[in-house]
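# Remarks on the overall topology
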Amino acid sequence: MSTPRFLDLPPGVAPQRIETPQGTFAALEALPVSGVVERWPALLVPGVTGSKEDFIAVLMTLAQSGRRVVAVDLRGQFETPGPEDPDAYTCAALGADVDLLAQVIGGGDPIHLVGHSFGGLVAREAAVDGRTKFASLTLMSSGPAAIEGRRARNGRKIMEEVPELGLEHVWHHRFEPEALANDVSDDIMAFLHKRLITNSPIGLTRMAEQVLTMHDRTDELRQIEVPTLVLYGEHDDGWSPETQSEMAARLGAECVVVPGAVHSPAVEAPETTAAWLVRFWNTAEKHYLDLRSTAM
């Protein structure tokens, strides 16, 4: 469970609703506090039990680089409604949603795509399906196939318990004890509870199943000509640092290890994470423009 350390929106960040042909998505939109939007936009996608709020700590810094930056709730997550159909929550279906979001947010410009944890698997689907040409792809604390270790065990419990016992049971027996052990403040605790029980139970169960069974599409992603960054915490307990490092090598991708971070670098080391993202995005844009200039 990614746990934001604060909920007050920084300057330049505001709630939005993004309208697409597939429906309306809840979002946080960040614009530069000073200066103008002069660089390509970015779309940030959260993990299974996360939400757009997982990116609050990096949004202002990212936007201040001259970009519109949008973090979303996926279909069935927190403030984005979702249907009762389990097939709406596969990585492929959610990847198609990301395609539509990218096309709306980009408005014809290339767009940078960031996926955290399960969101990385969804972002990979969007890149591989070829419907949208992305300016870059960042896989943040996300691996090549099914999640591993402690988080895999938690995912299996979600799959087993949510359909039978409900979201309140899962909160009181799994998420609340973890938050209490981490000395989470009362306001964050209330937010985490509201976020969990607002999720679609069908969606949460199917997303958990997806993150536990996803097959390796690294070789397919390698065939897509998109600059790729693999970024993760040095103590990641979702996919091991070794697994993510090997994936980066297979992709020929840039690889960044965030010191001191675990599975949520945007929360645990926001300034370092934002600095690397801005650097990577700027380099990707320069490379794209250099190639276009050479072609002309």
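The model shown is predicted, which means the values in this text are computed figures rather than measured ones.

### A look at the pairing of strand S6 (residues 136-140)
The buried count for S6 comes to five of five residues, which makes it a mostly enclosed element. Residues of S6 alternate between two faces, with Ser136, Thr138 and Met140 on one and Leu137 and Leu139 on the opposite face, all of them buried. Bridge count for strand S5 (residues 112-116) against S6 is five bridges, and the pairing is parallel. Bridge pairing links Leu113 to Leu137 in S6. The β-α-β motif built from S5, the intervening helix H3 (residues 118-129) and the parallel element S6 has right-handed crossover chirality.

### Some remarks on the sheet that holds strand S4 (residues 69-72)
Taken in spatial order, the eight strands make up an open sheet running S1-S2-S4-S3-S5-S6-S7-S8, and their pairing is mixed. Looking along the sheet, the strands with just one partner apiece sit at the ends: strand S1 (13-20) and strand S8 (254-258). Each neighbouring strand pair of the sheet contributes to a mean axis angle of 25°, computed without reference to strand direction. Taken strand by strand, H3 contacts strand S3 (42-45), S5 and S6, and its axis lies near 145° from that of S5. This element, helix H9 (residues 241-251), spans S6, strand S7 (228-233) and S8 of the sheet and lies at about 170° to S7.

### Considering helix H6 (residues 186-198)
With 13 residues, H6 extends 18 Å between its outermost C-alpha atoms, agreeing within 8% with the 18 Å of an ideal straight helix rising 1.5 Å per residue. Looking at the buried residues of H6, the elements they touch are helix H5 (167-181) and helix H7 (201-213).

### Description of the nonpolar core
Counting 61 residues, the largest nonpolar core has Leu43, Leu113 and Phe118 as its most contacted members. The greatest single-element share of this core, amounting to seven residues, is contributed by H3. Among residues more than four places away in sequence, those in contact with Leu113 are Leu43, Val45, Val98, Ala123, Ala126, Phe134, Ser136, Leu137 and Thr138. Counting 27 residues, the second largest nonpolar core, distinct from the first, contains Val13, Ala30, Leu231 and Val278.

What counts, and at which threshold
Residues numbered from 1 in each chain as written. Predicted model: local features only at pLDDT ≥ 70, side-chain atom pairs only at ≥ 80, totals over all residues. Heavy atoms only, no water. Buried < 20%, exposed > 50% of the residue type's maximum accessible area, 1.4 Å probe, protein only. Helix = DSSP H or I, 4+ residues; strand = E, 2+ residues; numbered from the N terminus. Pairing = 2+ DSSP bridges. Right-handed = clockwise from strand over helix to strand, strands pointing away. Axes fitted to C-alpha atoms, helices over the stretch in contact; angles between N-to-C directions. Contact = heavy atoms within 4.5 Å. Expected span 1.5 Å × (residues − 1). Core = buried A, V, L, I, M, F, W, Y, C linked by side-chain atoms within 4.5 Å.

Don't take any of this as a statement about function, it's just geometry.
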